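Each chain is listed here by its residues.
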2 protein chains.
Amino acid sequence: MTIAVDAMGGDHAPGEIVRGALLAAEDPQIRILLVGREDAIRAVMGHSRHAGSVETVCASEVIEMHDSPAQAVRRKKDASLVVCGDLVRAGRADAMVSAGNTGAAMAVALTKWGRICGIDRPAIVTVLPTVKGRVVVLDAGANVDCSAQNLLQFGLMGSVYSESVIGVAEPRVGILSNGEEVGKGNEQIRAAYALLSESSVKFVGNVEGRELFHGRADVVVCDGFVGNVVIKVGEGVVELLKGMVTHELQVKPWLKLPAALLAPVVREIRRRTDYSETGGAPLLGVDGVCIISHGRSSARAIANAIRAAGEAVKHGIVEQIGRRLS
Amino acid sequence: MTIAVDAMGGDHAPGEIVRGALLAAEDPQIRILLVGREDAIRAVMGHSRHAGSVETVCASEVIEMHDSPAQAVRRKKDASLVVCGDLVRAGRADAMVSAGNTGAAMAVALTKWGRICGIDRPAIVTVLPTVKGRVVVLDAGANVDCSAQNLLQFGLMGSVYSESVIGVAEPRVGILSNGEEVGKGNEQIRAAYALLSESSVKFVGNVEGRELFHGRADVVVCDGFVGNVVIKVGEGVVELLKGMVTHELQVKPWLKLPAALLAPVVREIRRRTDYSETGGAPLLGVDGVCIISHGRSSARAIANAIRAAGEAVKHGIVEQIGRRLS
């Protein structure tokens, strides 16, 4: 499998991106095309042991975080992100990974590859931990305004993703709402409820914010505005609690030793909740595999995103969504 | 100050409600009217030391959680919640507190007291912890579909609340969105952004989900659908982490002792994050003081809600909102 990686996208590019690619390249099944400015990539790569399965592809331009996605994709034809899209389109790569401008990554995928037949809008998938396992949430931020029809399509795509990548048989699909009861939700949610009830997914109705983490559904759909807010609030709460613990240990230094003894507990919880462990968020609905990583991605997060891209290719997620919708 | 308390509303009514009222009655400034079925209240109250400043007001009916708010308020004229509203309207009480059906509490306040002039819709206020202090979030669930004009009014009310009850001078008001930059957000958010920019509040622009907890704004507005989801997700994440720690300590029992030593840290964090500590959520925009408590409220939560009602009366929050809007 060949994965095109945008070496210039993300807050810590190209350093962490290149190091992440080298980490992922330890897997003999994965071949990586690192796309970006050759000198910058070379400077980080040095003489790594796995450099053999990592090839550099030159791209002279960079799409910045503040660039307008549509304009940047049109004007910066030799941007690393655009070249990644071209490589997949030309069949030279099976998937692409970027921690850069999310809107631009979507624009590249949409303009270079197009959508899967039957999908009006692609959606970003995030996998969150629950008390029992994991829940697939989409859309995590691709579309701020969604129709009920969009939400129905998200349910179908999420169901395919949960089944083929997470391995859940007959995934239960729910809709994020402000209460469990039928009739809860705003206009958009109530309309989507009706469509999902009559669809081929195993629909379990409204899911409240708290229940998201109870494992009552394997897939939860929402619009990209709400999805973005939910994920960021989740991160914010974890950071807030972490900050509170740190502060408490500063004012009560005699508790630092027992706290240090709990390192294995903290490590396990971090493993289950840290976004860098899940790697990146697949963009579903476009006719190709695109993994969008967090802007703040570390090498570890990038390596996991590359592995996630490999999984999506291996499970033929694009073909499966196409089959489900036809 | 006299507070009317709905003794029959909530998952643990009347037991926890009556015990909460007795706790709050330890404050000599607070007089309580416990509204509900006299025998049920008496059975819990017994011969408490503070029973003297707690008076029972009979109400034969109860509005259940599953009752349709509008219908219940019309038909159950002798329901405890309805009688609470009547007591405030008649001037026999200065405020009301209920842990029962939220929609019915709103309907009672709206039909018995009306709205403050200039407010189209009331909003539920929640106060969340941040790294630096606290943030006032509204609407936390009163209105699932809101106009930009509604969000502007929430900003004005939240600003008054932050200033007079929390004690923040010149509160910074933000709008919950999927990114900080101008132009982020869905249609409703962008329209509200324009209105807030031109209003009398100290507007600080878009606030992301993560930043909510960074203390970048003292007041954050959103519609009641998003507000409900945000608050429930926050609760869900805290519960999830708690569950993970419990599980880890079960599989690594040798870590139970160091964990037990950290009890003071856990206690302090619980004090700052537990909803029962903040008591209840004020319903702002109606012409009277109404505090809505969590359905699962304990005696401690009810006592705090009664104190919060007292604070709102003492600070003349209704009059202040009226003045700000005129």
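Fair warning: this is a prediction, and the values are worked out from it, not measured in the lab. (Residues numbered from 1 in each chain as written. Chains lettered and ligands numbered in written order. Predicted model: local features only at pLDDT ≥ 70, side-chain atom pairs only at ≥ 80, totals over all residues.)

1. Let's talk about the nonpolar core
Filter applied, for reference: The nonpolar core is taken to be a set of buried Ala, Val, Leu, Ile, Met, Phe, Trp, Tyr and Cys residues joined by way of C-beta atoms within 7 Å. Put plainly, a residue is buried at 20 or more neighbouring C-beta atoms within 10 Å of its own, exposed at 12 or fewer, and partly exposed in between, counting only other residues' C-beta atoms, which are placed from the backbone. By the convention adopted here, residues are in contact when the distance between their C-beta atoms, placed from the backbone, does not exceed 7 Å.
Among the nonpolar cores identified, the biggest contains 226 residues, and Val5(A), Ala21(A), Ile306(A), Val5(B), Ala21(B) and Ile306(B) are the most heavily contacted of them. The contacts of Ile306(A), once residues within four sequence positions are left out, are Ile3(A), Val5(A), Gly20(A), Ala21(A), Ala24(A), Ile30(A), Ile32(A) and Val97(A).

2. Quick word on the interface of chain A and chain B
Which entries qualify depends on this criterion: In DSSP terms, a helix is any run of H or I states spanning at least four residues, a strand is any run of E spanning at least two, and both are numbered starting from the N terminus. Note on residue categories: nonpolar means Ala, Val, Leu, Ile, Met, Phe, Trp, Tyr, Cys or Pro, charged means Asp, Glu, Lys or Arg, and polar means any other residue, Gly included.
Of the residues lining the interface, 45 residues belong to chain A; the matching set on chain B comes to 45 residues. Every element with two or more residues in the side of chain A that touches chain B is listed here: α8 (224-251), α9 (256-261) and α10 (263-273) of chain A. Its residues assigned to classes, the side of chain A that touches chain B comprises 25 nonpolar, nine polar and eleven charged.

3. Points about the domain arrangement of chain A
Residues and elements named next belong to chain A. Operational definition: Domain delimitation follows an automatic or database domain assignment.
Domain boundaries assigned for chain A yield domain 1 (1-118 + 278-315) and domain 2 (120-251). Computed from C-alpha coordinates alone, the two centres of domain 1 and domain 2 are separated by 26 Å. Taken together, the contacts link 15 residues of domain 1 with 15 residues of domain 2. For the side of domain 1 that touches domain 2, the secondary structure elements donating two or more residues are α5 (102-113), β10 (280-284) and α12 (299-314).

4. Examining the sheet that holds strand β3 (residues 54-58) of chain B
Residues and elements named next belong to chain B. Quick note on the threshold: Strands are treated as partners if at least two bridges between them are detected by DSSP. Here, axes are lines fitted to C-alpha atoms. For helices the fit covers the stretch in contact, and angles between N-to-C directions go from 0 to 180 degrees.
Judged by pairing direction, the sheet is mixed, and its eleven strands sit side by side in the order β3-β2-β1-β4-β11-β10-β5-β6-β9-β7-β8 without closing on themselves. The open sheet terminates on both sides in strands that have one partner only, identified here as β3 and β8 (202-207). Averaged over all pairs of adjacent strands, the angle between their axes in this sheet comes to 30°, without regard to strand direction. Sheet strands in contact with helix α1 (residues 15-24) are β1 (2-6), β2 (31-36) and β3, and its direction is about 170° off that of β2.

5. Some thoughts on the sheet that holds strand β4 (residues 95-98) of chain A
Residue and element names in this part refer to chain A. In spatial order, the strands read β3-β2-β1-β4-β11-β10-β5-β6-β9-β7-β8; together these eleven strands make up an open sheet with mixed pairing. Taken across any chain shown, the strands that pair with only one partner, and hence form the sheet edges, are β3 (54-58) and β8 (202-207). Averaged over all adjacent pairs, the angle separating strand axes in this sheet is 25°, with direction ignored. Looking at chain direction, strand β6 (residues 134-138) and strand β9 (residues 219-221) are connected through three bridges and run parallel.

6. Describing the pairing of strand β5 (residues 123-129) of chain B
Residues and elements named next belong to chain B. Within β5, seven of the seven residues are buried, leaving the element largely enclosed by the surrounding structure. Of the two faces of β5, the one lined by Ala 123, Val 125, Val 127 and Pro 129 and the one lined by Ile 124, Thr 126 and Leu 128 are each fully buried. In this structure, β5 lies alongside strand β6 (residues 134-138), joined through five bridges in antiparallel fashion. Bridge pairing links Thr 126 to Val 137 in β6. In this structure, the hairpin formed by β5 and β6 is closed by a connection of four residues.

7. Description of the environment of Leu283(A)
All names here are of chain A. Relative to the helices and strands, Leu 283 is located in strand β10. For Leu 283 and Leu 262, which are 21 residues apart along the polypeptide, the C-alpha to C-alpha distance reads 37 Å. Leaving out residues up to four positions away in the same chain, Leu 283 has contacts with Met 106, Ala 109, Pro 122, Ile 124, Ala 142, Cys 290 and Ile 292.

8. With respect to the relation of the copies chain A and chain B
A rotation about an axis combined with a shift along that same axis relates the two copies of the chain. This is how the line gets drawn: Least squares is the method for superposing the copies, and the C-alpha atoms it fits come from residues with pLDDT of at least 70 in both.
Its rotation angle being 180°, the transformation that places chain A on chain B also includes 0.0 Å of axial translation and leaves an RMSD of 0.1 Å. The two molecules are tied by a two-fold rotation axis, judged by turn and shift. Closest to the rotation axis within chain A is the C-alpha of Pro258(A), separated from it by 2.4 Å.

9. Considerations on unusual backbone geometry
What is expected of a backbone is that most residues other than glycine have negative phi and most peptide bonds are trans. Between Ala13(B) and the following residue, Pro14(B), the backbone shows a cis peptide bond with an omega angle of -5°. For Pro14(B), the location among the structural elements is in the loop between β1 and α1. Geometrically, the link from Leu138(B) to Asp139(B) is a cis peptide bond, its omega value of 10° lying close to zero. As for its position among the elements, Asp139(B) is in the loop between β6 and α6 (148-166). Within the chain, Glu170(A) stands out as a residue other than glycine whose phi angle is a positive 50°. With respect to the helices and strands, the residue Glu170(A) is situated in the loop between α6 (148-166) and β7 (172-176). A tally of 11 C-beta atoms within 10 Å means that Glu170(A) is categorised as exposed.

10. What to know about the environment of Val173(B)
Residue and element names in this part refer to chain B. Following the sequence through the fold, Val 173 ends up in strand β7 (residues 172-176). Judged by the 26 C-beta atoms lying within 10 Å of it, Val 173 is buried. Distance in space between the C-alpha atoms of Val 173 and Ala 309 is 23 Å, their sequence separation being 136 residues. Beyond its immediate stretch of four places on either side in the chain, Val 173 contacts Gly 155, Gly 158, Ser 159, Leu 196, Val 201, Lys 202, Phe 203, Val 204, Ala 217, Val 219 and Val 221.

11. Here's the deal with the packing of α1(B) against helix α2 (residues 38-45) of chain B
Residues and elements named next belong to chain B. We apply this condition: Orientation is classified from the angle alone, with under 35 degrees giving roughly parallel, over 145 giving roughly antiparallel, 65 to 115 giving roughly perpendicular, and any other angle giving oblique. Definitions for this section: a left-handed crossing has its near helix turned counterclockwise from the far helix by less than a right angle. A right-handed crossing has that turn clockwise.
At a closest axis distance of 9 Å, the pairing of α1 and α2 adopts a crossing angle of 60°. Our classification of the angle between α1 and α2 gives oblique. You can see that α1 and α2 cross each other, and the crossing is right-handed. Contact residues: α1 offers Gly 15, Val 18 and Arg 19, while α2 offers Ile 41, Val 44 and Met 45. Along the lines of polarity and charge, the residues of the contact of α1 with α2 split into four nonpolar, one polar and one charged.

12. What to know about the confidence of the model for chain A
For clarity, the threshold we go by: Across the chain, each position has a pLDDT score giving the predictor's confidence in that residue, from 0 to 100.
Mean pLDDT for chain A: 93, with 98% of residues reaching 70 or above. Here the predicted complex scores 0.91 on pTM and 0.89 on ipTM.

13. Considerations on the pairing of strand β4 (residues 95-98) of chain B
Two faces belong to every sheet, and in a regular strand the side chains alternate between them. Residues and elements named next belong to chain B. In β4, alternate side chains face the same way, and those of Ala 95 and Val 97 on one face and Met 96 and Ser 98 on the other are all buried. In this structure, β1 lies alongside β4, joined through three bridges in parallel fashion. By the bridge assignment, Ala 4 is partnered in β4 with Met 96. Looking at chain direction, β4 and strand β11 (residues 289-292) are connected through four bridges and run parallel. Paired with Ser 98 across the strands is Ile 292, a residue of β11.

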